[in-house]
Structures are given as structure tokens and as C-alpha cells.
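One letter stands for each residue in the lines below.
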Amino acid sequence: MSALLEVRDLRLQFGGVKAVDGLSFEVREGEILAVIGPNGAGKTSAFNCISAFYLPTSGSVVFDGKRIVREVPGFWRALRLGHLLQSFGFYRVLPSRVTKWGMARTFQNLRLFRELSVLDNVKSAMHSILREGFWSTLLHTPGYRRAEEACAREARGWLDFVGFEDDEDLYVGQLPYGEQRRVEIARALATSPKLLLLDEPAAGLNHNEKQALMELIRRIRDLGVAVVLIEHDMGLIMELAERIVVLNYGREIADGTPAQIKADPLVIEAYLGVDEDEEAIDATRLRTGTVSADAIADAFGASAVGAASDGKDGGSR
Amino acid sequence: GGGGGGGDDGDGPISFGMLAPFSGSESAFGAYMQNGAQLAVDELNADGGVLGRELELVVEDDACDATTAVAGANKLVTEGITASVGGYCSGATLPTLPIFDEAGIPMVIPAANSNELVQGLPGVFLINGTGTQQAAAAVQYAEEIGATTVAAIDDATSYSADLAASFVEQAGDAGLEIAFEETVTPGENDYSAVATELASVQPDLVYWTGYYQEGGLIVRQATDAGYTGAFLVGDGSVDAKFAEIAGPGYTDNVVATFTQTPDMIEGADQWIADYSELAGEAPGPYSTQAYDAVRVMAQAIEDAGSTDFDAVVAGLEGLEGFDTFAGPLTFTDDHTLSGGGFVIVSIDPATNAFVLKDDLQG
Amino acid sequence: MMQLIWNGLIVGSFYALVALGYSMVYGIIKLLNFAHGDIYMLGAFVGFFTLSAFGISNETSIPLLVVIMLLSMVTTGLIGVGIERIAYRPLRKSPRLAVLITAIGVSFTLEYGVRQIFGPNPEAFPIRLESSGFDFAGMRITASQLVLVIIAAVLMLVLAHIVERTREGRAMRAIALDPQGAQLMGVNVNRVIATVFFIGSALAGAAGVMAGAYYGSIDFLMGFIIGLKAFTAAVIGGIGNLYGAMLGGLLLGLLESFGAAWFGGEWRDVFSFAFLILFLTFKPTGLLGARVVERM
Amino acid sequence: MARDLDLALKHAPLRAPAPLFDRPRPATGVFTSQSGFLRALGTLAVLLLAALPFLDASRYTMSIATSALIYVMLCMGLNVVVGYAGLLDLGYIAFFAVGAYVSGIFTTVLGFPMWLALPATIAACIVAGILIGAPTLRLRSDYLAIVTLGFGEIIRITANNLEITGGPSGIHGIPSWDFGGWSFDDGFTVGGLAFPGYVVFYYFVAAVVVVVGVIGAGRLAKGKMGRAWKAVRDDEDAAEAMGINTYVAKISAYIIGAVWAGMAGQLMATHLSAISPNSFQFLYSALILMAVVLGGMGSTPGVIIGALFVSLAPELLRDFAEWRYLIFGILLVVVMLFRPSGLWPATAVLPWLKRTRPQPPPFTSAVGAIDQGVPDVEPSVMESVDGLPAADAEEGRQA
Amino acid sequence: MTALEVQDVDVYYGRVHALRRLSFSVGDGEIVCLLGNNGAGKSTTMNLLSGLVRPKDGAVRWNGMDLATAKPWDIVSAGLIHVPEGRRIFSTMTVHENLLLGGYAVRDRRVVDQRIAQVYELMPRLAERRKQQGGTLSGGEQQMVAIGRAIVGGPKLLLLDEPSMGLAPLVVKQVMEVIAAVNAQGTTVLLVEQNARAALKIAHRAYVVETGTVTLSGSAAELARDARVVEAYLGA
Ligand SMILES: Nc1ncnc2c1ncn2[C@@H]1O[C@H](COP(=O)(O)OP(=O)(O)OP(=O)(O)O)[C@@H](O)[C@H]1O
Ligand SMILES: Nc1ncnc2c1ncn2[C@@H]1O[C@H](COP(=O)(O)OP(=O)(O)OP(=O)(O)O)[C@@H](O)[C@H]1O
Ligand SMILES: CC(C)C[C@H](N)C(=O)O
Ligand SMILES: [Mg+2]
Ligand SMILES: [Mg+2]
């Protein structure tokens, strides 16, 4: 299979913080790829660059044969006007354009249109594929009616597809969190994507809901859509992902099948920690006060940074 | 135009309508005008009314705004007024002209005096001198005091800009040098920009054509900045508040172009007393003009012997030397005052009131 | 030239004083408080009322001015708190524009309320600052201007320090970002917001009295234009940022001074607004406005 | 079916699977559905509008009715910008001014007939919409507010200072529509019924334009473009991610708003026959915004009510003379305190159609099991676990 | 000894009946965990305790304080600190300022500084980012700030709403350990978690909340073995 998305040497820097630091990976058509990594590893930032919300410092992103990252001519860069021009929409691809090309995404914190109904949320995503002009809307021509009807049917189709069974006329704010997650995925699908990026779709879901989510993601893949998801729930990822890319410090540190990743010492050290069952949280010991604050300091010292490498030996280990 | 013939049914009171600002930035003048007009109405009624019928005054707010004025004018027409004796802001008065014209209602406009109002409509009469006439008085005064360079400052309102433009044009014709023309934004407090300019250019005379509030501030700030020439201000600035705002000692070389007012006329004390009794306060700017407007209109109806539009217009055109505060009144062909009746007034430091200084006759 | 700068700075300090309160209130509850300019007007009228009640007129004493100013500040401060309590607090959870409209309603009420009490005519302010001037570095400076600038600068710097550097100031900023979150930190939101209204309104009241004493005339609509100017100044500076509001006020004063000199008084506002629009086009968050980075 | 889709949708790689189950057709009756009720209400309003001159054709009534209609038009336009697209505009009156001045200049200075001024007005408003839209694209909320405010002031001051706009006294003698030898001013007689001059007649013209404007804005808001506006309003980034070019959406909202205001301006110029810069002060921008918010942003009936309130309240309070703005101000505060999201909010549901949101169905297997097994939970509580307690079920969802 | 007592509480959001006669209690020094589906009312319960929402009826008492009527800021001053769902970091303030705000209710500035130092020690990642704007932190980093902020407040009763959401597995474990340690030093903890497996490991007792009411309760160990809980919340 050919690569649908190709990320080469992507870099994104905020002041001194290198959020993404030379990231390269590719996504093939119709696969489920998981991106994992410690907190702050740059996963969300990478997503934002790929979907054109952030302007990367350098690197290239090619989606379906089209370049997403544009170069600002050296002349403007020399004048230090590059970013200004880009913020006006020159020399850059807008996220809406990327969506039109067939890449859809969800957000780490839900970003639904809170004052629109569920159905309108999904319909709004069909913006770029709907044939509906100014005059036909104004005059309510047959073409307009046909388009609106098709739009509603498609939207309902997607709502059914994600298993939304509630009232489509409710405002999304009235829905429980889990339902909102579903609507967000339906909305992303309604843009008619070839590639779907999901940022922590299972966060805040309970076990059963996660099962349903996995099932849904597989069905999306079966439609021929490639799915890339960021997740911290290893159970879900091991079961679902066909391939896993592991990030740390904005760079790829591993790439392989779930089984390979699970066994990768680098990944264990940076991200997973020693296997769960082996090293259960020893609550009793903590509760009885046998663990000192120092030990906890050590625990957090080795935290998100994944920096067991900074020398300290986990006190609880 | 013309036609119609008012909403008059022949008996019952004759009602005069008056549009004036009661809200918005010009709202101070509404009450002055209303009370002046009411005084005239009361006096006329005491003398037996007009054509034997009682006179009544209907007042509407125009907020100095076109939309509100049009609604108000339509309301007056609907209420069946015989004649209009209102109009303070030119901008708000302009769109009411066709309404009254079409309804066949003659107008005597007491205050509004932009040249734009002089459109040749048959029923429109202005009893305040127009900008052109007032500017002529100003130029005449400038020549009298031997000024060679003059400046004009206006506040960007219709009346003020009009007056300033007329002044500049006539001063130019008279061979005076125009040092500069400046416009300020009314309602602000800081006029140091013009003050500084006045101080550095030092024209012999500067003509302020706006209202007293800004006028007082400009005089003060310009004096502080070091301007030493003469201040001439237009009739919009003639108010005792002018001197209060400028502060004591700042009004020594301030004079104004103005029409006569009761306190300048001998024997007007009684009028002032009557007014104060009715209104509970002293008369203000345009109280007298409103008073006169009612009397002029009543006289014309009396002369015409009917309230018919054409007859009243003829009556107005036929007035000759009718006695008003501004002197004897006769309308010109374009329905403005023949002389304008402008005089030069200066400020009495004891009372802050404007008193006659020069009647420009000699 | 120097004179233009000095004139601009004087006007600018008035703008800055009013803009500061504007920016504070905006900063904390995201309200474009259209009634703020009218508080400035109220301040002037409170001073006028008190002085007239004692039969004072044409006074020139600076200590008396300071006393009256403090009195006005307390009064307008309390009025500001009252307005917040009655008209804004019940709407704290409502759409932002609802409060904006209420503010316009409050503005009408204050303006026309004062008009009913004091009448529509401008009044001469009973205290006048001495305005003899001296020349310095090509500028004509009057003593009253110096007094004005000093009072304004002291008030502003003290205030900005409080808000930007202290615990209470942090609480204010926290409320601005997330009132509920701030409550969870133990911040008494009602009290802090009331404090902000008190300080902001007191500043506006002070500015009103100073304007009365400096210019000499007050009227019931005097707050309108300065309200707009203060809003503009607050935005130029980066709305919500107090040093920004001060800078913005001064900058706007200068812009107007130069605009009037270069293009004539009638084009002055066009010049300053055009500058503002261009400026914001390139720097969308104003001079010192925080760049809000929104994460996806 | 598939062909239908192809006609309706552009090429898209992915089509939704057919809906899994058929949904009940939404109700359409007058009292059983929101939209049916609104439509009936709208029809009633139009009938009332048509009947008004037969009830009271006095100049005053017609004049304030015409002004009120023009306000409705203006507010519908601003509603597109503020209510739908969520762009705070404090200088909206500028577009009104552009419309009024362009038609004024075209007819008086250049001597064209009024109907020729219409395309010019629209063109000018489109340009103005783009001009104000372009620099504001990147700005958010309150920075936008000041830029629009500035733009409004620039337009007014410019009109005040230019020769061609008549300076401070403005333009007067603006004609009404005329075709060949016949003008609206001449009035009209049908079947013995005389429509006296432009007062009554012009009211009809305004009514027709406004009805078209209201319906048009409502339709645009329901279509693709309207959804895009609302999406941008709710969350700009998410809207981008949905393939909506937010720049285009915002500019189009400005343009539509500008054109609506421009047409209102033309109506106003003809209605008043004179325009001056004084009528385009900031205060009026605030008043129109007030109408929109007071009525209910994004809600057509609400905005109409708001427009009528703001334009008629000062007229109805005329008799209070000097007190009227004081009363108006207090009224504003009181109304907002009692109806913070407007008199008729966009999210309003007719009281008899209200339904409570059903509780999420209990988590099937687990809850069933726990039901039987936990002794220390009281029976009354168990009921609520099972489903809705009696009281709520009553108000529960209707089919 | 029960420190916190919730009795027959009803909470409505407009017409939505979110809590239905909810009752539970937390003893001094305990870690009590609330489990439940999305929308079950767990966050509502937390907000109820910290004074952000008010009950329609029922009683909420904590060490003699009536939480049903107390103001949120008084509740915080008394030592009940709530780490809300979704972290609620003050986005344009720096990490350090966020932590300072955590100590807003603590009068003694030295105590605050000391505790902040402790937090930096606990989570060096935050020390690295002390000058970064809170809003630009990654999800996990924000969660650390949220917890750190609570610690600076010196809680007697700590409410944690889904603290592990969005955290990497390694960090989840460490957060749980911190919670246990904070508890060991005498702080009572009420914990809401979707990661039931981890939560039940450190909790003493737990309640299952469904559609606004408690449907199951018991010791953590008991519940962890309960077939129904396993099926719904733990996974086989
Ligand atoms: N706008 C910004 N300014 C400064 N730093 C930023 C900004 N956005 C992100 N960062 C930093 O970049 C790094 C990567 O952040 P990112 O959100 O991509 O992490 P992540 O992998 O998604 O983490 P998590 O799993 O916690 O969501 C973080 O350290 C974050 O603090
Ligand atoms: N502000 C609100 N307005 C209306 N309904 C609300 C509001 N907040 C919560 N609800 C409703 O109250 C119920 C309980 O919500 P709550 O947030 O307490 O659930 P939760 O158990 O915390 O769920 P989650 O696991 O999704 O966080 C839900 O049905 C929710 O839809
Ligand atoms: C001096 C005033 C009577 C002038 C008036 N405001 C006008 O516009 O004509
Ligand atoms: Mg992330
Ligand atoms: Mg929750």
C-alpha cells in the first residue's frame, strides 16, 4: 500500500520549547495507526501541524500527493514578514482546505458547536461537499431542497453509523460526554475523509464505552478510511492498532506492531513503565506511610519526561 | 406644492405645532423655545385668541435628529395643526419641510437658519437671520475694528459650518486675509489644538460659529495659550453660561453677533418677568424667537382672516414692519428676514450677560 | 511640535485615567462597560453638587480640589459597586452581549437621570485651576497641567502595581480567565469584582472632577465621548492590560494632537481610527495585549 | 437515489451508509411544531402589515410604521453579522449610511432615477463589507468591536466633511421611486381606494422589501451558508476543521449584513427625503445592536420584536417628553435582567412543545444486576434507577 | 468517624434531575472513590461539595460545616479543595502564578512558597516550565499543575475529578501514588475515576453512582471483585 500521509522531518518550536523535533512517519491507506508517547511528547502538536492549524518551523507534510506545508519565499523571510503573511493566509494551506482534501480530525478537548443541534453539527461538516448556492438558498429552488434533503440524510446516516440513538434536535451541550464524543466523530466523518485523526477519543470513557469505540473505529477503517489516533489507554491500543508510532521529545522513538512496541525497552522506560501486573500500585504500603515524600518525588521525577534516564532510580520500584 | 389646507375644521382651538429638541445633545434649547412660544400663546389667548378662536401649542421632540423629526412632524400633521412654529436644528428641520409643505401647513421657523432651508418652498419662513446675514454683520464688525487677518472656527454642525463658510467668503470679498479655517468636534473638552494654532498665527480677529459650551472653552484655552486678538462669536454662543465657562477675566475681548434680546431692549423687563413666572427660570437663547414666531404666525392668520394655507402665506408675505425683538420684521422674497437684524453684543462682567455694544448702524 | 506632544499628553492622561477603569472592568468580567464614561460625568456632578451646596464658586484652591476629588471618588466608587450589584451581577452567567446592552441601559439612565436633576445646560465647575503658564523646551506648560499630570500618574501607577503584582491582582486576572475556577481557589469572586468596580469608578470619578476643574464646564453628556475614547485607548493598549491602557490613552492623545495638526480638526478622528484599524490589522492584540494561545 | 446524491453533493470519496432506521417525519402542524407555528405567526404578521393602512392611515402611524419596518430590515442584517456569525459590530450604522448616501448622491447629485440607484447601493455595500471585513478577519471579539466602531465613525465624519455628501446638512430633496412619468409621490387609486401619496404607498414598498428581507435572511441562515456562520460563531477552529473557510464565512456575513443595511438605507433616504450625518451616529449602532440582543440574537421573531421595541418605544414614550430616555434606559435594564437571552431567544421552544431531556438510559447490564443485589439502597431510589420517576415521565418526550 | 456526610440530595439543572436522593459518606482519613458512567452525576456531586451547585433539598455536611449553603470561597478556606474535571488551568497565567493562586486562601506567604517548592520537587517537570503559560502546556502537564495547585492549598479534604484523564500510563500510576501519599499524610480524599482499576487499588471504599443515585457501595476490594463492577467498569 502506498503512503497516504507522509511526514518528513517535521519541526515545531515555541520559543525555547521544541514541541516537535524532527518527526518523520507515514500513514498508509486504510490502516489504523496509533500514536503514543508521554505527556508533552508533541503528539497533539504534530496533529496540529498535519492538519494545518499550526505552522511548523520546518519540514514537509504531504497528504494524498498534496503539500500541506508551504515554503515562504526567501525574500519575505529575509524581511521577517513570513509569519505575518502566513497569518493573513498567504503561503500557507488553510485547515479548511486540508479538510476538503480529505483529512478530518477531532480535538483533544471536545470542540462541538455548542449552540447547534446535533443534526446541524453534523450537517455543518458537509460544507465543502454540498452543492448549494446563494441564490438557490434564497429562492428555495428544487436544487436547494434536494441538497438539504441529501445533506440531512447523509448526516443521519453518519449519526446512525456512530451509534447515536438520541434525539437529533437536542443541542449538543445537553448531551452526556460520551454521546458528545460520538457526535464529534460523526461530524468528522461527514466531511468525507480519507484520513481521520482522533486525539484521545477514549479519554473519559468507561470500559464498556471504550469497547464500543473500538468497534466503531474498526468499522470506520472498514469503510476504507485510514485512522490515526492518539491514546493513552494501552489496553485499547494494543487491541485496536495495526501499527504504533511512539513519540518522545518530539521525535519518533519506535514504530512497529503492538507486540513489538510492547516489548521495546525504550518504550517501556519512557512511557509504559514496568509491566502493570508485575508492579502494581502498592497502595497498602503507601497508606501505612512507609513511603516517604522523597520516594514520591522520585516517582514524579521520572514522570512525564520519561526521564528515568536522568539517573534517579524509581523509589517505588 | 401647497394644496391640502391643514387639518383645520373651522372652529375649536387653532393649534400651532412646534418641533424642538427635548432629548439629545441640543435638548437644552427645547424648553427655552417651548416656554417662549407658550408665553406668546397665553398672551394672545388673554387678548381673545386668533380669529376669535383659542390658540393652543403642541410640542414634539425632534431630538435634533432627522428620523425623530420626521415622525414628530407627521404626528403634528396627524393631530391637525394649523401652522408650525418650530425648528431648531437645521438638519432635523430639513426633512420636515416637504411634510408640512405637502400637508399645507405654513411654517415660521424660529431658530434653524441654515441656508439649505431656503429652498423656495411657499410655506417656509425664517425669522432668525441666515448665516449669510449674520456673516455680513461679522465682516462689518471686523472691518470696523480694523482687523486685517481673520480666522474662522466651526464645530462641524450644519449651522456652524454654514456660518463659517459664509464668513470666510464674505471676508475674502471684503479684502480681509483669512489666516485659517478650523473645525473642532463638539462635546469634547480639549481644544488645545486650535488654541495653539491661534496663539501662533495670532489673527486680529477669530470668529467662532458654534455654541457657547465649546466657545467658552476655546476662548479660555486660546487665551492661556497666548492668543491676544479679538474673539467674535456667533449667536449660538450667546448665553450667560459662556462667560461662566470661560471664567472671570477671560471675556474682556469677546463680542458676539446677535439679534436683539429683551434685556437689550428698554421696557423688556416685564417680558422677562412674565417669562420667568411661566417657566420658573430666566429666558434662554431662542426664547424670544419662539415667542416672536408664534406672534408672527398669529398675526398673519389674523390678517388673512382664515387658516387657509395660501391665505396665511399671503398674510406672512404681507407683513410689514411687524414689531419683534429683532426689530421690525418684513420678509424678503425668499422668505427670510430683510435685514437680519444683527447687532454686536459684548459680555457684562458683572452679570455675565451679553449686552448691546454696537448696533452696526453707524 | 513639542507643544503638540505636550497637548497630546494632557488629553492622553484623561483618556488613560478613564481607560484604566474601563480596562479593569473589561479585564475581569469581559464587559464593555458603556456606563463607565457616565461615571466620569457623575464624578464631575458630585463635585459640582457638593461645592454648589456650600455656595462655592470660582475657587482656585488645590487642597480643596483634592478633598472634593476624594469625596467624588468615594461616591462614584460606591455608585459603581451599586450598579454592578443591581445591573450586572444578576447577568453574570448570561451571554456577554446581554450585559453590554444592560450597560447601555445604565448609561442612558445615568445620563438622563442627571439631566432630570441638574437640567440639560452645561454648568460651570466651581473650582478652577490657575492657568498661568510658563514656557519650557518649546512647550507652554501651565501649573494646572502639571498638577493634573502628577495626580493622574500617581493614581495610575499605584493602581497598576496593585493589579499586576499582588495577590488580589492575581485573583482579578484569575476571575477574568475562569470565574468558577477562581472560586475553586478560594477567591471571593463577588468581593473582588466589587473592588474592581469601586476602583475603576473611583478613578473615573477623579478624572471627572479633574476635567471639571481643568476645563471648567460639565454637562450630562460629557461622559459619552470620553467613554468611546477610553474604550479606544484600552483597545490600542491591549484590552485588559493596565499598563497598556495607560500607554493607549497617551498614544491616543498624541495621535489626536498630531492628527488635528496635520489634517485639520475635522479629520482628526478619522486619522486616529484609521491608524487604530491599521495597527490592529498587524498587531491584533494591541500594544501589550496578551497573546492568547489557543490550544487545540 | 444515488443520482440524487450526486446532484446534491460534490464529488466526495466517502458516502454515509444509509440511515439504519427511519425516523418519524417531523410534525408540521401549527400547534404541534415549532416551525409550523412560526410560519403561521409570520403569515399573520404579513396580513397585519397589509391591513394596517386600512385601519389607520394617518401620516403619523404610517411614518412610524415605515421607520419601524426599516429598523426591522436593519436588525435582520445585523442579526446575520452578530446573531449568526457572532461578529460584534458596533459600527453597523455605517452600512446604512453608505446605502442612504449612495442613493442620495445618485439621485440628487447625479440625477439618476431611484431604481437605478439600487444596484449602485448594493455594489457599494458589497465593497464596504469587504473593506471592513478584510482587516478584521484575524481579530477576535472586542478588537473587532472597536474596529467596526472606528469604521462607523470614519464613514460618518467623512460624510460630514465632504462636499458631495452635502457636509453637515446632508442631502435633501431625495426623490422616491419613479418610472417614466409616474412617481410614487403621485399616489395611486385602485377601485376607489386612494393611496394618498407616498405616505401610505411608501409604507407598502417598505413592507414588501422588508418582508422579502426577513424571509431571505431567515432562509440564508438555514442553508449551508447559515450553518457555516453559526459554526464560526461557536468555534472558529472547529469550523476550519470542518472544511469551512472561516475568512470567507465571515466576509460573506459582513457582505450580507451590509447589503441588508444598504437597502434599509435606501428606503430611509426615500422615506425621509433628506439625510444628514447626524442620523448615523454611534448611538444608532448601539440602538440596533440593542434591538438584536434584546429580541434574541439569531432568532428571527426575536429580532423583529426587538426592532419594533427599540424603534417604537421612544415614539410611544413621546408623551413623557424629557423623561423618555430615562424610562427607556431603565426599561432596557429591567428587560435584560428578566430575559437575559432576549425576549424570544433563538433556542426558545414553545412552552407546550417543551420536553424534558430524558435521563440517559441506565447502564444496562450492570444496573440490572445491582438492582437486585444491593440491600442498602431504598426502594424509592431504585425506581429512579429503573427509568423516569412518574413526575418526569409525564413531561417526558413526545413522539 | 464520618467527616463528610451527603444525605438524600437532589440537584437539578433547570429541568434536568441530575442527582436523585444521593447519599454517601466519607470518613476522616479515607480515600473514597466514586465510579459511574458518563453523565451519572459524579462531577455534579463534586461541584455540590465545593459549593458550585446547590442542592434542591437534602443535607451536605462536612466537619460541622453546611456545604449546601456555604460560599465556595469559604469552603476552600476551610480546607476542602476541588480539582475540577478538565483541569481548569488559568491559561494566560504562568505555571508559577497558577500555583500561587492555589495558595490564595492561605494567608501566610511563606507557607505558600514552601509548598510550591515542595510541588516543584514532586514534579520537576513543572519547575522546568514555571514561566510557561498554563494554556500552552500539554494535557498531562496541565493535570500536574492542577494537582499541584491543590497541594499548595493544603487540603484537609481533597476532591479529585478524573485526575488520570489524558495521562500516560506511567504517570497515571504515579498520580495514584501521589494521591495515596497525600492521603497518608492525613488528607481525606474523594476520587472520581474512569480508570476504575487504578482507582480501586488505592481507595478504601467506593460507591457506584448511576443516573444520579448510589446503586452499589462497599469496600474497594469487595467492589473490585464484584462481577457487575468488573463487567461494567473494569473489563474482564
Ligand atoms: N503554544 C505553545 N507555546 C509553548 N509551548 C507549547 C505550545 N503548545 C505546546 N507546547 C509545548 O509543546 C510540548 C508538546 O505539547 P503537545 O500538546 O503536543 O503534547 P502531547 O504529546 O499532545 O501531550 P499530551 O499527551 O499530554 O496531550 C509540551 O511541552 C507543551 O508544553
Ligand atoms: N450545566 C448543565 N446543564 C444541564 N445539564 C447538565 C449540566 N451539567 C451536567 N448536566 C447533566 O447532568 C447529568 C450529570 O452530569 P455530570 O457531569 O455530573 O456527570 P458525570 O458523572 O461527571 O459524567 P462524566 O463521566 O461524563 O464526567 C448529565 O445528564 C448531564 O447531561
Ligand atoms: C443657532 C441655532 C439656531 C442653529 C441651529 N442649531 C441650526 O442648525 O440651524
Ligand atoms: Mg495532546
Ligand atoms: Mg464528570
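Residues numbered from 1 in each chain as written. Chains lettered and ligands numbered in written order. Predicted model: local features only at pLDDT ≥ 70, side-chain atom pairs only at ≥ 80, totals over all residues. Heavy atoms only, no water.

An unreviewed UniProt entry lists chain C under the name Branched-chain amino acid ABC transporter permease, from Agromyces mariniharenae. Recorded under Subcellular location (unreviewed entry), the UniProt text for chain C is reproduced unchanged: "Cell membrane". (UniProt positions renumbered as here; feature names shortened; annotations may be inferred.)

A. Spotlight on the arrangement of the chains. Contacts are most numerous, across the 8 pairs of chains in contact, for chains A and D. Structurally, chain B and chain E remain out of contact, their C-alpha atoms never closer than 37 Å. (Contact = heavy atoms within 4.5 Å.)

B. Molecular detail of the interface of chain A and chain D. Between chain A and chain D, the contact holds 64 residues from the first and 53 residues from the second. Of the roughly 5,500 Å² buried at the junction of chain A and chain D (both faces included), carbon and sulfur atoms supply 60%. Applying the counting criterion to the chain A and chain D interface returns 4 salt bridges. Between Arg-233 of chain D and Glu-115 of chain A there is a salt bridge whose closest N-O contact spans 4.0 Å. Viewed at the interface, chain D and chain A are joined by 11 residue pairs in polar contact (both at pLDDT 80 or more). Here the side of chain A that touches chain D gets 13 residues from one element, more than from any other, and that element is helix H7 (residues 142-161) of chain A. (Buried area = accessible area lost by both parts, 1.4 Å probe. Salt bridge = Lys/Arg side-chain N within 4 Å of Asp/Glu carboxyl O. Polar contact = N/O pair within 3.5 Å; in protein donor to acceptor, adjacent residues only side chain to side chain. Helix = DSSP H or I, 4+ residues; strand = E, 2+ residues; numbered from the N terminus.)

C. Geometry of the environment of Asn-189 of chain B. Note that Asn-189 of chain B resides in the loop between strand S7 (177-183) and helix H7 (192-201). Overall, Asn-189 of chain B belongs to the buried group, its relative accessible area being 12%. Not counting residues up to four positions away in its chain, the partners in contact with Asn-189 of chain B are Leu-217 and Gln-221 of chain B together with Tyr-40, Ala-211, Tyr-215 and Ser-217 of chain C. (Buried < 20%, exposed > 50% of the residue type's maximum accessible area, 1.4 Å probe, protein only.)

D. View of the packing of aromatic side chains. Taken as a whole, this structure holds 49 aromatic pairs over all chains when the rule is applied. An aromatic cluster is built from Phe-108, Tyr-112 and Phe-220 of chain C together with Phe-309, Tyr-325 and Phe-328 of chain D, whose rings are joined through pairwise contacts. Against the face of Phe-107 of chain A rests Arg-111 of chain A, its NZ or CZ located 5.2 Å from the ring centre. We note Arg-167 of chain C situated over the ring of Tyr-104 of chain E; from NZ or CZ to the ring centre the distance is 4.2 Å. (Phe/Tyr/Trp six-rings, centres within 6.5 Å; stacked < 30°, edge-to-face > 60°. Lys NZ or Arg CZ within 6 Å of the ring centre and 35° of its normal.)

E. Structural context of the site of ligand 3. All names here are of chain B. In the vicinity of ligand 3, the contacting residues are Tyr-88, Cys-89, Ser-90, Ala-111, Ala-112, Asn-113, Ser-114, Tyr-159, Tyr-211, Asp-235 and Tyr-286. In the environment of ligand 3, an oxygen atom lies 3.1 Å from a nitrogen or oxygen atom belonging to the backbone of Asn-113. Note that a nitrogen atom of ligand 3 is positioned 2.6 Å from one of the side-chain N or O atoms of Tyr-211. In the complex, 97% of the free accessible area of ligand 3, which totals 290 Å², lies under the protein chains. By residue class, the composition of the shell around ligand 3 is 7 nonpolar, 3 polar and 1 charged. (Near = heavy atom within 4 Å. Areas by Shrake-Rupley, 256 points an atom, 1.4 Å probe, with all protein chains shown as cover. Nonpolar A, V, L, I, M, F, W, Y, C, P; charged D, E, K, R; others polar.)

F. Here's a closer look at the state of the cysteines. All names here are of chain B. Counted by the stated rule, this structure contains 1 disulfide over all chains. There is a disulfide in this structure between Cys-64 and Cys-89, and the S-S distance comes to 2.0 Å. With the S-S dihedral at roughly -105°, the linkage between Cys-64 and Cys-89 falls on the left-handed side. Placement of Cys-64 in the loop between strand S2 (55-61) and helix H2 (66-78) and of Cys-89 in the loop between strand S3 (83-84) and helix H3 (90-93) is noted, with a sequence separation of 25 residues between them. With a relative accessible area of 13%, Cys-64 lands in the buried category. (Disulfide = S-S within 2.5 Å.)

G. Looking closely at unusual backbone geometry. All names here are of chain B. Although it is not a glycine, Leu-51 adopts a positive phi angle of roughly 50°. Judged by relative accessible area, which is 27%, Leu-51 ranks as partly exposed. The backbone phi angle of Cys-64 is positive, close to 60°, even though this residue is not glycine.

H. Quick look at the coordination of the magnesium ion (ligand 5). All names here are of chain E. Here the magnesium ion (ligand 5) is held by Ser-43 (OG), Glu-85 (OE) and Glu-85 (OE), and the distances to it run 1.8 to 2.8 Å. Here Ser-43 is found in helix H1 (residues 42-49), whereas its partner Glu-85 is found in the loop between strand S6 (80-83) and helix H3 (95-102), with 42 residues between them in sequence. On the basis of relative accessible area, Glu-85 is assigned to the partly exposed category, the value being 33%. (Donors = N, O, S within 2.8 Å, 3.2 Å for Na, K, Ca; no water.)

I. The coordination of the magnesium ion (ligand 4), seen in detail. All names here are of chain A. Protein-derived coordination of the magnesium ion (ligand 4) comes from Thr-44 (OG1) and Gln-108 (OE1), at a distance range of 1.9 to 2.4 Å. Pair noted here: Thr-44 is in helix H1 (residues 43-50) and Gln-108 is in the loop between strand S6 (103-105) and helix H5 (118-124), with a separation of 64 residues, a long-range link. Judged by relative accessible area, Gln-108 falls into the buried class, the value being 12%.

J. Main features of the nonpolar core. The biggest cluster of nonpolar side chains holds 475 residues, and the ones touching the most others in it are Phe-16 and Leu-316 of chain B, Leu-32, Phe-34, Tyr-88 and Phe-231 of chain C together with Phe-328 of chain D. Of the residues forming this core, the biggest block, 17 residues, is contributed by helix H8 (residues 189-215) of chain C. Counting residues domain by domain, this core receives three or more from each of domain 1 (5-102 + 193-287) and domain 2 (111-191) of chain A. Each residue touching Phe-328 of chain D, except ones within four places of it in the same chain, is listed here: Phe-108 of chain C together with Leu-287, Met-290, Phe-309, Ala-313, Pro-314 and Leu-317 of chain D. By size, the runner-up hydrophobic cluster in this structure holds 34 residues, among which are Val-20, Leu-33, Phe-47 and Val-245 of chain A. (Core = buried A, V, L, I, M, F, W, Y, C linked by side-chain atoms within 4.5 Å. Domains from an automatic or database assignment.)

K. Fine view of the sheet that holds strand S7 (residues 157-161) of chain E. Residues and elements named next belong to chain E. Strand order across the open sheet formed by 6 strands is S6-S7-S8-S3-S9-S10, with mixed pairing between neighbours. Every interior strand has two partners, whereas the edge strands, S6 and strand S10 (213-219), have only one. Strand-to-strand twist across the sheet, computed as the mean angle between neighbouring axes with direction ignored, equals 15°. Bridge count between strand S3 (residues 31-36) and strand S8 (residues 188-192): 4 bridges; the pairing is parallel. Looking at the pairing, Val-32 lines up with Leu-190 of S8. Where H1 meets the sheet, it contacts S3, S6, S7 and S8, and its direction lies at approximately 150° from that of S7. (Pairing = 2+ DSSP bridges. Axes fitted to C-alpha atoms, helices over the stretch in contact; angles between N-to-C directions.)

L. Looking closely at the confidence of the model for chain B. Summary statistics for chain B give a mean pLDDT of 87 and a share of 94% for residues scoring 70 or more. Note on residues 1-7 of chain B: pLDDT under 50 across the span, and 14 contacts to partners over four residues away in sequence or across chains. (pLDDT = per-residue confidence, 0-100.)

M. Structural detail: the interface of chain E and chain C. Facing the 27 residues of chain E at the interface are 25 residues of chain C. Summed over both partners, the interface of chain E with chain C buries about 2,500 Å², with 59% contributed by carbon and sulfur atoms. It is Trp-73, Phe-90 and Tyr-104 of chain E that lose the most area in chain E upon contact with chain C, and together they represent 32% of the buried surface on that side. Taken together, the links from chain E to chain C amount to 2 salt bridges. Two residues, Glu-97 of chain E and Arg-173 of chain C, come together in a salt bridge whose shortest N-O distance is 2.9 Å. Our count for the chain E to chain C interface comes out at 5 residue pairs in polar contact (both at pLDDT 80 or more). Put simply, the parts of the chain that give the side of chain E that touches chain C at least two residues each are helix H2 (72-77), H3 and helix H6 (139-152) of chain E. Along the lines of polarity and charge, the residues of the side of chain E that touches chain C split into 12 nonpolar, 10 polar and 5 charged.

N. Main features of the pattern of salt bridges. As enumerated under the stated definition, the model contains 48 salt bridges over all chains in all. A salt bridge links Arg-181 of chain A to Glu-184 of chain A, with the nearest nitrogen and oxygen atoms 3.6 Å apart. Linking Arg-181 of chain A with Glu-184 of chain A, this pair stays in helix H8 (residues 177-190), spanning 3 residues, or about one helical turn. Taken individually, Arg-181 of chain A and Glu-184 of chain A each receive the classification buried, so the pair is uniform in this respect. For Arg-88 of chain E, the salt bridge is made with Asp-178 of chain C, and the minimal N-O distance between the two is 2.7 Å. Of this pair, Arg-88 of chain E sits in the loop between S6 and H3 while Asp-178 of chain C sits in the loop between helix H6 (167-177) and helix H7 (179-184), on two different chains. Its relative accessible area of 24% is what places Arg-88 of chain E among the partly exposed residues. Salt bridges sharing common partners tie together Glu-188 of chain B together with Lys-229, Glu-256, Arg-268 and Asp-269 of chain C.

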